[in-house]
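# Descriptive analysis of the structure
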Amino acid sequence: DYGTKGYYDTICGKEGGYPAERLSSAVQWINENAAKEDIRFVLVSGDLTGAAEKSQFMHFKQIMDSLRVPYVPLIGNHDAWPYNHYEDEASHASGDSIMNEVFASTFASLNRLDGWNDGSRTTRWHNPESGRDAYLHNYTYHYNNTLFVFLDFNPRYHVRKAEPGIGPEARLTDTIGGTLPFLRNALSTAKPTDNIVLISHHPPMKNFLGAHYSFSAKQRKQLRATISPYSAQVKAWFCGHMHRWWRYSSVGTKVYETKANKGQKHGGFRVVQVGY
C-alpha cells in the first residue's frame, strides 16, 4: 500500500517493496539494452497495481516514466476496483477512470505517435451487468506493417464472494461499444499486408482453468469466429494474468503468457522481435 490513507490517495515519497524494486530493475535493464536489442516500445499487459489504489497507479507511472522508450499501460483485473481491504473499497469499479486520470500525460504522448488510436478509452460505455458506465481500455497502434490491438476483457461487477474488487474471469462485452465489437472493427482496419498482434490481460486458455480465470468455452468459440477471417494475419496473442511462462495455440493463433514481473528475482518480461 503506497501513499496516504484511503484508496483514492497519493504517493508520499516513502514508496518501496519488492514489486516496485523489481519493476525498477526491469526498467533499468531495458534502458541499458534498448539500443542493443532495438527495443522500440514496451507493452504492459495489465495488473499495474495490486488493488487499483490511485497511489499504486502513480507509483507505477513514476517508475515507468524513467523508460527511454514509450510504454503502453493496459488494465488488468486488479486495476479495476479500488480497495484497501474487504469492506473498505470504492463504491464501484472506477479503476478505469483513475487510469485515465493518472496516465493522461502517458496517453497524450502516445497520441503523438504516428499510428496510435485511443480507441474506446475515453468513451463512456454502459455496462448492463453492473448498471453503471465504464471506460473500456481498448486501443490500437499501427507500427510499420504490424497492427497491435489492446483489449480490455475485465468485468466491472463486484466479486461474488467475500473478497474486495472483481473476479478473475473475463468478459467479452458483446454489446454496443463493447470489447468484442471493438476487436471486430479493429481487425477490419488491418491492411491485407499487415501482421496483427493481440494484447490483453486475460489469456484465451483452453484448459479447465479457463472458465474460472479467463474465457468460457462459448467465449473462446466467439473469439475464434472473430479472428478466423484474419487467421493468416494474426500472428500472436500476448497476455499475463496467470503468472506463468506458457506458449500454446488457442482461438486460431499462438498465445504467449508472460509471468508476473513481481515473481521474477530481478524483474521479468519478454523481448519480442517482430519481423518485417
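The subject of this paragraph is the layout of surface pockets. The computed volume of the second largest pocket comes to approximately 280 Å³. Along its surface, the second largest pocket is lined by 18 residues, and Asn77, His78, Ile166, Gly167 and Pro168 are the ones closest to its centre. Split by residue class, the lining of the second largest pocket holds 8 nonpolar, 7 polar and 3 charged.

Before going further, it helps to examine unusual backbone geometry. Even without being a glycine, His243 presents a positive backbone phi close to 60°. Structurally, His243 is set in the loop between β11 (234–239) and β12 (246–250). When its relative accessible area of 38% is taken as the criterion, His243 is described as partly exposed. Positive phi, normally seen in glycine, also occurs at Val251, with a value near 45°. Positionally, Val251 belongs in the loop between β12 and β13 (253–257). Judged by relative accessible area, Val251 falls into the buried class, the value being 3%.

Another point: the sheet that holds strand β5 (residues 116–117). Across the sheet, which stays open at both edges, the 7 strands sit in the order β5-β8-β9-β10-β11-β13-β12 with mixed pairing between neighbours. With one partner strand each, in any of the chains shown, β5 and β12 form the two edges of the open sheet. In this structure, β5 lies alongside strand β8 (residues 139–143), joined through 2 bridges in antiparallel fashion. The residue of β8 that forms the bridge with Trp116 is Tyr141. Seen against the sheet, helix α5 (residues 179–188) touches β8, β9 (146–151), β10 (195–200) and β11 and runs at an angle of roughly 175° to β9. Helix-sheet contacts for helix α7 (residues 217–227) involve β10, β11 and β12, and the interaxial angle to β11 is about 145°.

Let's shift gears to helix α2 (residues 54–64). Think of an α-helix as turning once every 3.6 residues; residues three or four places apart then point the same way. Here α2 lies mainly inside the structure; 9 of its 11 residues are buried. Taken as a whole, α2 has its buried residues at Lys54, Ser55, Gln56, Phe57, His59, Phe60, Lys61, Ile63 and Met64. Where α2 is buried, its residues contact α1 (18–37), β1 (42–44), β2 (71–73), α3 (95–102) and α4 (104–111).

A complete count under the given rule lists 18 aromatic pairs for this structure. Seen in terms of ring centroids, Trp116 and Phe150 are 6.2 Å apart; in terms of plane orientation they differ by 45°. Their pairing is tilted. Of the two residues, Trp116 is situated in strand β5 and Phe150 in strand β9; the sequence distance between them amounts to 34 residues. Through a chain of ring-to-ring contacts, the aromatic side chains of Phe41, Phe107, Trp116, Tyr139, Tyr141, Tyr143, Phe148 and Phe150 assemble into a single cluster. Across from the ring centre of Trp246, 3.8 Å away, lies the NZ or CZ of Arg244, which sits over that ring.

Glancing now at the packing of α5 against α7. Close contact between α5 and α7 brings their axes to 10 Å; oriented N to C, the two are set at 20°. As far as their axial angle goes, α7 and α5 are roughly parallel. As α5 packs across α7, the resulting crossing turns out to be right-handed. Between α5 and α7, the residues in contact are Leu180, Leu183, Arg184 and Leu187 and Gln222, Leu223, Thr226 and Ile227, respectively. By residue class, the composition of the contact of α5 with α7 is 5 nonpolar, 2 polar and 1 charged.

Looking at the element boundaries, Arg121 is found in the loop between β5 and β6 (124–127). Look at Arg121 and you get buried, because its relative accessible area is 7%. At a separation of 2.8 Å, a polar atom in the side chain of Arg121 contacts the side chain of Asn100. Here Asp118 takes part through its side chain, which lies 2.7 Å from a polar atom of the side chain of Arg121.

The rules behind each value
Residues numbered from 1 in each chain as written. Predicted model: local features only at pLDDT ≥ 70, side-chain atom pairs only at ≥ 80, totals over all residues. Heavy atoms only, no water. 1 Å grid on protein atoms, 1.4 Å probe; cavity = no way out; pocket = protein on both sides within 12 Å on 5 of 7 lines; lining within 4 Å. Points joined across faces, edges and corners; volume = space filled by probe spheres on them. Nonpolar A, V, L, I, M, F, W, Y, C, P; charged D, E, K, R; others polar. Helix = DSSP H or I, 4+ residues; strand = E, 2+ residues; numbered from the N terminus. Buried < 20%, exposed > 50% of the residue type's maximum accessible area, 1.4 Å probe, protein only. Pairing = 2+ DSSP bridges. Contact = heavy atoms within 4.5 Å. Axes fitted to C-alpha atoms, helices over the stretch in contact; angles between N-to-C directions. Phe/Tyr/Trp six-rings, centres within 6.5 Å; stacked < 30°, edge-to-face > 60°. Lys NZ or Arg CZ within 6 Å of the ring centre and 35° of its normal. Parallel < 35°, antiparallel > 145°, perpendicular 65-115°, else oblique. Left-handed = near helix turned anticlockwise from the far one by under 90°. Polar contact = N/O pair within 3.5 Å; in protein donor to acceptor, adjacent residues only side chain to side chain.

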